[in-house]
Amino acid sequence: MRRRVAGENSFVMHTGRSLNHRGHGEMPLRSLRDLALLTACFACWFVASPARAQVTFERLVNSAKEPQNWMTYSGDYSGKRFSGLDQIHVANARTLVAKWVYQTTATGKLETTPLVVDGILYATAQDNRAFALDARTGRPIWMYQRQLPGDIRPCCGRVNRGLAILGDKVFMGTLDAHVVALDAKTGAVVWEVVAADYRIGHSFTVAPLAVKNLVVIGVSGGEYGVRGFIDAYDADTGERKWRFYTVPGPGEPGHETWEGDSWKVGGAPAWNTGTYDAVTNQIFWPTGNPAPSNRGEGRAGDNLYSNSLLALNADTGKMNWYFQFTKHDEHDWDATQVPVMIDAGGKLLIAQANRNGYFYVLDRSTGKLMSATAFGKITWSDTKDAEGRPVEKKEASPTLEGHTVCPGAAGTTNFMAPTYDPQTALFYVTARDQCDTFSTAPQPYEAGHAYYGSAYFPSDEAEPYRGYLKAIDPATGEIKWKFEHTSPTWSGVLSTAGGLLFSGDAEGNFIAFEAASGKPLWHFQMGGAVYAAPMAFAVDGKEYVAIAAGSAVYAFGLP
Amino acid sequence: MTLRGDWFLIKPFFSIWPRFPKLESRRDSVEFGKFLEGEFMFTRWCVGFAGLVLMVAVAAANGQNPLAGDAKAAKAGEYEFRINCALCHGLGARGGGRGPDLTRAVKKHTHSDAEMFQVISNGIPGTAMPANGTNGQGVGMTDVEIWQIITYIRSQEVKAPAQALGNAAHGKDLFYGDGNCSLCHMVAGKGGRLGPELTGVGGSRTREAIIDSVRNPSRRLAWGLTEATKEFPQEYESVTAVSADGKKITGVTLNEDSFSVQIMDAGEHIHLLEKDKLQLFQKSRESAMPKYDVEVLSDKELEDIVAYLVSVGAK
């Protein structure tokens, strides 16, 4: 039944397109009325469909069947950030208008990706605000704000990237290292648990991932020398079901990759949302850099499992395989970018555009490296090991006097969510070319204190930093096209079945691109820089695209 | 580590939570965690914390730096400065791209240690100087750490007042006369608008930085408009645009995004242009300011201009 509706939807789309082509962008009134009628019929189905209160695991697994909803951080378990909606498409994108704006009143950076389920939008803002809105109008239904202690230790803004939803609850990790379950209908706290001690630097900024009956979440705090972990909590009770320490303890494999006691403060946090393969019941979760970030002295070894992709059994948290992207990192190159599951040529792959500037494709059954190709300006490596993994040059190591390396500490990309569009078979990512001067200095560990072992500074070159949206062919690593932004942006990217990409820029624009060519088709000035990733949803048969910018959440649709 | 692009938005980290003893090798992390939560630790913590609070409170009451002249505190302050302040104020406090040179004995906003403490704690409204702990970067510095930084800054000050070598009165004549500086630069309400306003530059930049920007104006373009949520400020880039009807416009960018640009030309007219309607849009990092070499402006003349800017900036 749902498949038929999808068919109706695409019929609307095709009608719109042909009208547009015939009329050179000017649709005859009569045809417009036809279109409206068709859209109305489409809408009827959604109105008539029973409102389903419960978000079951089955719905999450089969999220592609309900493209009107956006139920996980990346839109589905595969991490593609691709919306199956096609009502807004290449031919009509230029007519997009703002439908509503929701002001959070929060200051700082909004990094949230909203969820939408059955007409209600759920999102977060700084200082662990969470809210539910009428997704058609932006009117609030409930609001929650956590009373945070005064001495929390966020690294890089009092940010939050979003919620997970399961059953009748939404879940948020907090800056004081708690996990909170809220009633999806009222925002009331159902349970909350302490994951770790915030006073020594633990915090959560990540959007959790709901899998089966578990809420999976990774810790932040590499800046404070925490020992990283990924936790899974019972969604009903908050009871912790498993914990995977990303830095192995004594007697565990990988422990030997840490010098002396450095493992105790080894970092390797897990602050961005992973993905899940229901067929093999594996969670793929990426990890961050070892601590201290820019000083390798004192932690000789590969420092497993920092800067790695981990394949964990969802039920037990036991590791099936790992792949380490940057060994013994000294440049703050967290590998926390969303790992995207791609099925191509009969192969089950997982791809990551890494902060160190390489685009990696792995076999997701085994973790074997298939390819690694640069997608930005790189000076730290010019050779690969036997497995094909780029190896760091000795001279790239930070020095006391400072040494310039590309990419800089912000990386070729960072937490900004990428997208994979199955229609173009291209991987799209926000990229930056910037080099930094890395200097190192002895810094003892002190609990609860920043633990960098260094400082780094923008390099002295007069050359400005450059920011791009790049389209990568995962089959070859080739850059198919790139769009240069005025300055580097922290915005994620969304692809849709309408042949479109959506992304934001540091100057406050929200932009629709043609996915095939990178040509900008439409933009809207939102009045604040973008640090979030867009998503799409539909209510009453109408498609919307939403993004957070400045201190507000915006929704756009057709007139 | 998370979003370190934030270096550009200033980054104070340090906490009001007192420092714990170092993690010792014989304790594993579980024991360490228990130790932290233990009563012994808490008592010790409270006593230590109360002592610090008392010391700082007494100091604050009489407006004096309890750590003044303490070489050890200055060393600690140097590290705190590097993490918290150096991005804007430069390594060694000699001024960076954004923040003033703090090695000058005479500062614009602060004179006494107590004033400096206020400025670090509360920021300076209307400037890029933030209040301690308000940037979402950790919980800010402790009072003790702020005093350490002040001790460090005092230790870096050039003791002999940075008396300009040049003749300020002659420098003023040059600025408004033969030097042609005031055609584009404004000082104290008099001058042009095409280049950066320079009233405060003498108080915020080193002599060397001012000289370098006159001799090599393209080496590092000055920063223009800074938007609250944007990572990078606009720079004084030169630009040439040709409109749809063939009109050529040259000037500097006041601001720009992917779709529009705001240009000031030499006549101080502001042009608001949509890029897709232009025949040509070309930016250059060659500064609109001419390169003043020694033939145009002798070293002595340049010192005089610097002396004038310093005399204005110090006010």
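Right, let's walk through the structure included here.

Rules used in this analysis
- Residues numbered from 1 in each chain as written.
- Chains lettered and ligands numbered in written order.
- Predicted model: local features only at pLDDT ≥ 70, side-chain atom pairs only at ≥ 80, totals over all residues.
- Helix = DSSP H or I, 4+ residues; strand = E, 2+ residues; numbered from the N terminus.
- Buried ≥ 20, exposed ≤ 12 C-beta atoms within 10 Å, placed from the backbone.
- Contact = placed C-beta atoms within 7 Å.
- Pairing = 2+ DSSP bridges.
- Arc of directions from axis to C-beta.
- Axes fitted to C-alpha atoms, helices over the stretch in contact; angles between N-to-C directions.
- Core = buried A, V, L, I, M, F, W, Y, C linked by C-beta atoms within 7 Å.

Some details on the overall build of chain A
Consideration 1: Looking only at helices and strands, chain A has 3 helices and 38 strands in total.
Consideration 2: A total of 559 residues make up chain A; the buried ones form 59% of that total.
Consideration 3: Of all intrachain contacts in chain A linking residues separated by at least 6 positions in sequence, the fraction that spans at least 24 positions is 60%.

Details of the pairing of strand β14 (residues 240–245) of chain A
All names here are of chain A.
Consideration 1: Pairing of strand β13 (residues 229–234) with β14, which is carried by 5 bridges, proceeds in the antiparallel orientation. When the sheet's bridge partners are listed, Ala232 is paired in β14 with Trp242.
Consideration 2: Turn length for the β13-β14 hairpin, with the two strands adjacent in sequence and antiparallel, is 5 residues, and the turn residue Gly238 shows positive phi of about 85°.

Re helix α5 (residues 113–122) of chain B
Residues and elements named next belong to chain B.
Consideration 1: For α5, the set of buried residues is Asp113, Met116, Phe117 and Ile120. An end-on view of α5 places all buried positions within 105° of arc, on one side of the element.
Consideration 2: Once α5 ends, the next one or two residues include Gly123, with phi positive near 75°.

Focus: the sheet that holds strand β22 (residues 369–374) of chain A
All names here are of chain A.
Consideration 1: Taken together, the 4 strands give an open sheet; going across it, the order is β19-β20-β21-β22, and neighbouring strands pair in antiparallel fashion. The open sheet is flanked by β19 (340–344) and β22, the only strands paired with a single partner. On average, each strand axis in the sheet is tilted by 25° relative to the strand beside it, whichever way the strands run.

Quick look at the nonpolar core
Consideration 1: Of all hydrophobic cores here, the largest spans 158 residues; its most connected members are Ile165 and Val215 of chain A.
Consideration 2: In terms of residues, this core owes the most to one element, strand β37 (residues 542–549) of chain A, which gives 6 residues.
Consideration 3: Setting aside residues up to four positions removed in sequence, Ile165 of chain A forms contacts with Val55, Met71, Leu115, Val117, Tyr122, Val170, Ala184 and Ala210 of chain A.
Consideration 4: Listed in part, the 20 residues of the second largest apolar core include Ala74, Val144, Ile146 and Tyr152 of chain B.

Section: the environment of Ala516 of chain A
All names here are of chain A.
Consideration 1: Within the secondary structure layout, Ala516 lies in the loop between β34 (509–514) and β35 (520–525).
Consideration 2: Taking the C-beta count within 10 Å as the criterion, Ala516 has 17 such neighbours and is therefore assigned partly exposed.
Consideration 3: Spatially, the C-alpha atom of Ala516 lies 9.2 Å from that of Gln423, the residues being 93 residues apart in sequence.
Consideration 4: If near-sequence neighbours (up to four positions away) are discounted, Ala516 is found in contact with Thr424 and Gly499.

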